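Here is what each chain is made of, one letter per residue.
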Amino acid sequence: MAADSQNGHVSNFSVYLGKEAHVPRLNGLSYDVVTKMARPFLKMHRHVFFDNFFTSTKLMEDLLAQDTYACGTVRSNRKDLPPCAKNKLKQGEKVSAQRGKLVFTKWHDKRDISFLSTNVLPSEAPRIVQRRKNGRNINIEKPRVADVYTANMGGVGRADQLRSFYFAGYSSRKWYRYIFWFLFNLSVCNGFILESTSRADQGKQKRLMINFRLDLAKQLIDGFSWRKIKQRSQETPHHPVARRKTCLSSCGWTEEKMCSVYQSRAKNTQRIQDRDML
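Residues numbered from 1 in each chain as written. Predicted model: local features only at pLDDT ≥ 70, side-chain atom pairs only at ≥ 80, totals over all residues. Heavy atoms only, no water.

Q: I'm lost on the packing of aromatic side chains in this one. Help?
A: To describe a pair of aromatic rings, one takes the distance between the centres and the angle between the planes. This model, assessed by the stated rule, comprises seven aromatic pairs. Centre to centre, the rings of F13 and F182 are 5.4 Å apart; their planes meet at 70 degrees, and the pair counts as edge-to-face. Of the two residues, F13 is situated in the loop between β2 (10-12) and α1 (29-37) and F182 in helix α5 (residues 175-201); the sequence distance between them amounts to 169 residues. Where W181 meets F184, the ring centres are 5.6 Å apart and the plane angle is 80 degrees; that geometry is what we call edge-to-face. Of this pair, W181 and F184 both sit in helix α5, three residues apart, which is roughly one turn of that helix. Its relative accessible area of 31% is what places F184 among the partly exposed residues. Put simply, the rings of F180, W181 and F184 pair up and form one aromatic cluster. (Phe/Tyr/Trp six-rings, centres within 6.5 Å; stacked < 30°, edge-to-face > 60°. Helix = DSSP H or I, 4+ residues; strand = E, 2+ residues; numbered from the N terminus. Buried < 20%, exposed > 50% of the residue type's maximum accessible area, 1.4 Å probe, protein only.)

Q: I would appreciate a short explanation of the nonpolar core in the present structure.
A: Among soluble globular proteins, nonpolar side chains are generally buried collectively. Ranked by internal contacts, the top residues of the largest apolar core, which has 19 residues, are F50, L59, M60, L63, L81, F104 and L116. Sorting the residues of this core by element identifies α1, β3 (47-50), α2 (57-65) and β6 (102-108) as the ones contributing at least two each. Tallying contributions element by element places α2 first for this core, with three residues. If we skip the residues at most four places from it in the chain, F50 touches V34, T55, L59, M60, L63, A70, C71, G72, T73, Y149 and M153. Core analysis: the next-biggest nonpolar cluster, separate from the first, contains twelve residues, F49, F115, V120 and A146 among them. (Core = buried A, V, L, I, M, F, W, Y, C linked by side-chain atoms within 4.5 Å. Contact = heavy atoms within 4.5 Å.)

Q: What exactly am I supposed to notice about the pattern of salt bridges here?
A: Pairing is possible between side chains of opposite charge, provided their charged atoms come close. One pass over the structure, following the stated rule, counts eleven salt bridges. One salt bridge connects K142 with D147, and the closest N-O pair in it is separated by 3.3 Å. Taking the relative accessible area as the measure of exposure, K142 reaches 13% and is therefore buried. Where E195 meets R207, a salt bridge forms, and the shortest distance between an N and an O atom there is 2.7 Å. Pair noted here: E195 is in helix α5 and R207 is in the loop between α5 and α6 (209-221), with a separation of twelve residues, a long-range link. With a relative accessible area of 21%, R207 lands in the partly exposed category. Linked through salt bridges whose partners overlap, the residues forming this network are R127, K142 and D147. (Salt bridge = Lys/Arg side-chain N within 4 Å of Asp/Glu carboxyl O.)

Q: Help me out: how do you make sense of the pairing of β3 in this one?
A: If a strand is regular, its side chains alternate between the two faces of the sheet. As paired elements, β3 and strand β4 (residues 69-73) share four bridges and run parallel to each other. Paired with V48 across the bridge in β4 is A70. What joins β3 to β4 is α2, and the crossover it makes is right-handed. (Pairing = 2+ DSSP bridges. Right-handed = clockwise from strand over helix to strand, strands pointing away.)

Q: How should I be thinking about the sheet that holds strand β7 (residues 112-117) in this particular structure?
A: Two pairing modes exist for strands in a sheet, parallel and antiparallel, and in both the strands are linked by backbone hydrogen bonds. Strand order in the open sheet made by the five strands is β3-β4-β7-β6-β5, with mixed pairing throughout. Two strands lie at the open edges of the sheet, namely β3 and β5 (94-99), each paired on one side alone. Recorded for the sheet is a direction-independent mean angle of 15 degrees between the axes of neighbouring strands. Examined bridge by bridge, β4 and β7 share three bridges and lie antiparallel to one another. Residue pairing in the sheet places C71 in a bridge with S117 of β7. Where α2 meets the sheet, it contacts β3, β4, β5, β6 and β7, and its direction lies at approximately 160 degrees from that of β4. (Axes fitted to C-alpha atoms, helices over the stretch in contact; angles between N-to-C directions.)

Q: Explain the packing of α1 against α2 to me, please; I cannot follow it from the model alone.
A: Each packed pair of helices is defined by two parameters, the angle between the axes and the distance between the axes. At a minimum axis separation of 10 Å, α1 and α2 run at an interaxial angle of 25 degrees. With respect to their mutual orientation, α1 and α2 come out roughly parallel. Of the two possible hands of crossing, α1 and α2 adopt the one that is right-handed. For the pair α1 and α2, contact is made by Y31, V34 and T35 and by K58, L59, D62 and L63, respectively. Class assignment of the residues belonging to the contact of α1 with α2 gives a composition of four nonpolar, one polar and two charged. (Parallel < 35°, antiparallel > 145°, perpendicular 65-115°, else oblique. Left-handed = near helix turned anticlockwise from the far one by under 90°. Nonpolar A, V, L, I, M, F, W, Y, C, P; charged D, E, K, R; others polar.)

What follows is the structure in structure tokens.
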């Protein structure tokens, strides 16, 4: 799922169908997923962020070749990483390596964190942050790439959070029901985000999501009420009407026959009347 990093607006998604034998995966599933999600934004100088499941040097270089910058955490045992990726660091220490425009950075905060990026220069100044160690405060340097990644990585999480509010539908083991309600709630959340953006541009106050959903429900219902239809049907009960059909007999005489449904109902009515008279 591809979502805007600022507001969580989902612009692209794909349903995982399991292992497909007829689809060759030369670079792995994670590579194919990112390239598919980012296809509408290639050659537009956009920035893409993803976690360590997707990050690889091959993916970063191919995105950069199509004028798309990227940043993501990376696992230290990935292929084609520099030798310093296996170094053990102490708190506040940092190592980096560069190959062309691809930059590898490893930093130790509470644990080792590794990044691959093509949108952050290694020469950018770090930020001083305060940490507590052995009962006292210490100052350590936080690399710029960590701040960029943290600031722009919450798009998908924001989209999932919005869908969890006032969720419509119900969970089901039927895949088509799940996809239907997923698309329904996703459309509602995207509409809420677009309305909130439009109101902000006009200088208006942002509405609560519950109010947006109530107004949307009223517009979709548009005054329809099943109770009105049911009440109307009860006020005008259906009475059987004798329907006759005309046919020409073999002897040339015209005969009229009563509808069999009405005829059976008439017989039942006559039988009940005769029983009451007794």
